[in-house]
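Architecture at a glance
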Amino acid sequence: MTTATTHSLKPLRIGNIELDFPVVQAALSGYSDTAMRVIARRLGASYTLCEVMLDYFIMQVKDRPRNSHLMHVADEEHPVAGQLMGAEPEQFGPAAVKLVEKGFDVIDINFGCPVKKVLGRCRGGFHLSQPEVALEIVTRVRDAVPAHIPVTLKMRRGIDDSAESREKFFEIFDGAYARGVVAVTVHGRTVLQRYDGPSRWEFLRELKAYAGDRVILGSGDLFNAQACLDMMEYTGVDGVTVARGCIGNPWVFQQCRVLATGQPLPAPPTLHEQREVIAEHYRLAEELYGAERCIPTMRKFGIKYSQLHPQHSEVRADFGTVKIVGGWRDVLAKWYNVDGPGVHPAIEEPNPLASPAE
């Protein structure tokens, strides 16, 4: 699906919140802090989700300058969601209230994380194996936060592909809407798949047909703008959440908006355009963490940004060695001083509708 086609995309509704475009940034552990979210919003994301936070951690963290970045919300990024994960239902309600007090507009509950240590502690995707506990969590969050705060859910298509897993998925899916959840994001892989193997878009298509007017967002194998539009067209989902595909490539949101109007895919950002965004991302991170504490986080981002540079291997290596305050400026001066064309990043996992040439 690479031909220029106008897509009649409807605004995306998250409860009482209407978004002008249905492509949003997912919650990304270790990445989607305020700095990343602000950059994404400026480059076309209509909505973003904060990296997942543990319920008990939210209740224990002290309001000190050193911790100010943890639940920080910038004025320009509303609406924004805070995502919760945990094991004990009784901790979810108070944690959700604290996120609302910090300024988050939506509370998202994570029943999708497939990381082994998360599952081992009965969090994230583990809850797809226990509908009764999962739905108690939903009820406690919905009852705890004000009525005007939307509550949403993140799921995978099940623990595995067994009939029992499918039955539990639909029990949680239907029960969540019945208890006041206004939108559910569903990843097309199972929990046990983690990120291996294809994302089953046909399941999302079946699910949306079953769900009717209930709002569903799709996730999985969205590594470029075309994939986002392909998923919505093929499955009928109301919107999509871009996860790994937007780390170091926030331009994907801008590109989605252009493709949706029927125009061809824009050229990748030039080296000077990349330099401007990377520098601003670092500036925001330094404000958030401090010049020294932001280095480990921004080293990860620099490595991801390097994939848009024609000499990405060398640029990646230099970003990976940044260990001193301001060291990233040396990398920008070395590799981004002379303008030139950028490249589209390699696609980690082609979407199920992509042609071999993509």
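Anything mentioned here points back to the structure above.
Counting its secondary structure elements, the protein chain contains 13 helices and eleven strands. For the protein chain, whose C-alpha radius of gyration is 20 Å, the value lies close to the compact-globule estimate of 21 Å for 358 residues. Based on the C-alpha atoms only, the size of the protein chain along its principal axes is roughly 60 × 50 × 35 Å. Looking at the protein chain as a whole, 54% of its 358 residues are labelled buried.

Glancing now at the pairing of strand 6 (residues 80-85). Across the six residues of strand 6, six count as buried, placing the element largely inside the fold. As judged from the two bridges shared by strand 4 (residues 48-49) and strand 6, these two strands associate in the parallel manner. Looking at the pairing, L49 lines up with A81 of strand 6. Of the strand pairs in this sheet, strand 5 (residues 53-54) and strand 6 are connected by two bridges, and their pairing is parallel. Note that in strand 6 the partner of L54 across the bridge is M85. Sheet topology places strand 6 next to strand 7 (residues 106-111); four bridges connect them, and they run parallel. The residue of strand 7 that forms the bridge with G82 is I107. Regarding the hand of the β-α-β motif, the stretch spanning strand 6, helix 3 (residues 89-101) and strand 7 is right-handed.

Looking now at the environment of V24. Inspection of the secondary structure assignment puts V24 in strand 3 (residues 23-25). For the pair formed by V24 and Y47, sequence separation is 23 residues and the distance between their alpha carbons is 5.1 Å.

One way to put it is that helix 1 (residues 34-42) packs onto helix 10 (residues 271-289) with a least axis distance of 8 Å and a crossing angle of 145 degrees. Relative to helix 10, the crossing made by helix 1 is right-handed. Contacts from T34, A35, M36, V38, I39 and R42 of helix 1 reach helix 10 at V277, E280, H281, L284, A285 and L288. Residues that form the contact of helix 1 with helix 10 fall into these classes: eight nonpolar, two polar and two charged.

Turning our eyes to something else, we now look at the packing of aromatic side chains. Taken as a whole and assessed by the stated rule, the structure comprises twelve aromatic pairs. For the pair F173 and Y210, a centre-to-centre distance of 6.4 Å together with 45 degrees between the ring planes defines the contact as tilted. In this pair, F173 is assigned in helix 6 (residues 163-178) and Y210 in helix 7 (residues 201-211), connecting sequence segments 37 residues apart. For the ring pair W251 and Y305, a centre distance of 6.2 Å and an interplane angle of 75 degrees mean the geometry is edge-to-face. Here W251, found in helix 9 (residues 251-260), pairs with Y305, found in helix 11 (residues 295-305); they are 54 residues apart in sequence, far enough to count as distant. Judged on exposure class, the residue W251 and its partner Y305 are both buried. Ring pairs connect the aromatic residues F169, F170, F173, Y177, F203 and Y210, which therefore count as one cluster. One cation-aromatic arrangement involves R205 over Y234; the distance from NZ or CZ to the ring centre is 4.3 Å.

Our next topic: the pattern of salt bridges. As enumerated under the stated definition, the model contains 18 salt bridges in all. R257 is the salt-bridge partner of D20, the closest N and O atoms lying 3.1 Å from each other. Here D20 is found in the loop between strand 2 (17-19) and strand 3, whereas its partner R257 is found in helix 9, with 237 residues between them in sequence. Residues joined by salt bridges that share partners form a network here, namely R42, E76, E280, R283 and E287.

Below, the discussion takes up the side chain of N110. Its place among the elements puts N110 in strand 7. On the basis of relative accessible area, N110 is assigned to the buried category, the value being 7%.

One can find V322 in the loop between helix 12 (312-320) and helix 13 (327-335). For the pair formed by V322 and I149, sequence separation is 173 residues and the distance between their alpha carbons is 41 Å.

With that settled, consider the nonpolar core. V23, I107, I109, F111, L153 and F173 are the most contacted members of the largest nonpolar core, which totals 97 residues. Once you skip the residues sitting within four places of it in the chain, I107 turns out to touch G82, L84, A96, L99, V100, V141, V145, I149, P150, V151 and T152. Formed by twelve residues, the second largest nonpolar core is a distinct cluster that contains I17, Y47, V106 and L217.

Attention now goes to helix 1. Burial analysis of helix 1 places seven of its nine residues in the buried class, which makes it a mostly covered element. Those residues of helix 1 that are buried are in contact with strand 3, strand 4, strand 6, helix 9, helix 10 and helix 11. Of the residues trailing helix 1, G44 is marked for its positive phi of about 115 degrees.

Procedures and definitions
Residue indices begin from 1 for each chain and proceed along its sequence in written order. Reporting in this predicted model follows two pLDDT cut-offs: at least 70 for local features of residues, and 80 or more for side-chain atom pairs to be given and counted; totals over whole chains, interfaces and linings ignore these cut-offs and use all residues. The basis for every side-chain value is the complete set of non-hydrogen atoms in the structure, without hydrogens or water. Elements are defined by DSSP. Helices are runs of H or I of four residues or more, strands are runs of E of two residues or more, and each kind is numbered from the N terminus. Between the two quantities, the radius of gyration covers C-alpha atoms and the globule rule is 2.2 Å times the number of residues to the power 0.38. For every residue, the accessible area obtained with a 1.4 Å probe (protein chains only) is divided by the maximum for its type, and the residue is called buried under 20%, exposed over 50%, and partly exposed between those limits. Think of it this way: DSSP has to see at least two bridges between two strands before they count as a pair. When the strands point away from the viewer, a crossover counts as right-handed if the route from the first strand across the helix to the second turns clockwise. Axis definition: a line fitted to C-alpha atoms, limited for helices to the stretch in contact. Angles are taken between N-to-C directions and run from 0 to 180 degrees. Each crossing gets its hand from how the near helix is turned against the far one by less than a right angle, where anticlockwise is left-handed and clockwise is right-handed. We call two residues contacting when some pair of their heavy atoms lies within 4.5 Å. For this scheme, ten residues count as nonpolar: Ala, Val, Leu, Ile, Met, Phe, Trp, Tyr, Cys and Pro. Four count as charged, namely Asp, Glu, Lys and Arg, and the remainder, Gly too, count as polar. When the centres of two rings from Phe, Tyr and Trp lie within 6.5 Å, Trp using its six-membered ring, the rings pair. Their planes under 30 degrees apart give stacked, over 60 give edge-to-face, and anything left gives tilted. Look at NZ for Lys and CZ for Arg. If either is within 6 Å of the ring centre and within 35 degrees of the ring normal, a charge sits over the ring. Every case where a carboxyl oxygen of Asp or Glu lies within 4 Å of a side-chain nitrogen of Lys or Arg is listed as a salt bridge. Only buried Ala, Val, Leu, Ile, Met, Phe, Trp, Tyr and Cys residues count toward a nonpolar core, and they belong to the same one when joined by side-chain atoms within 4.5 Å.

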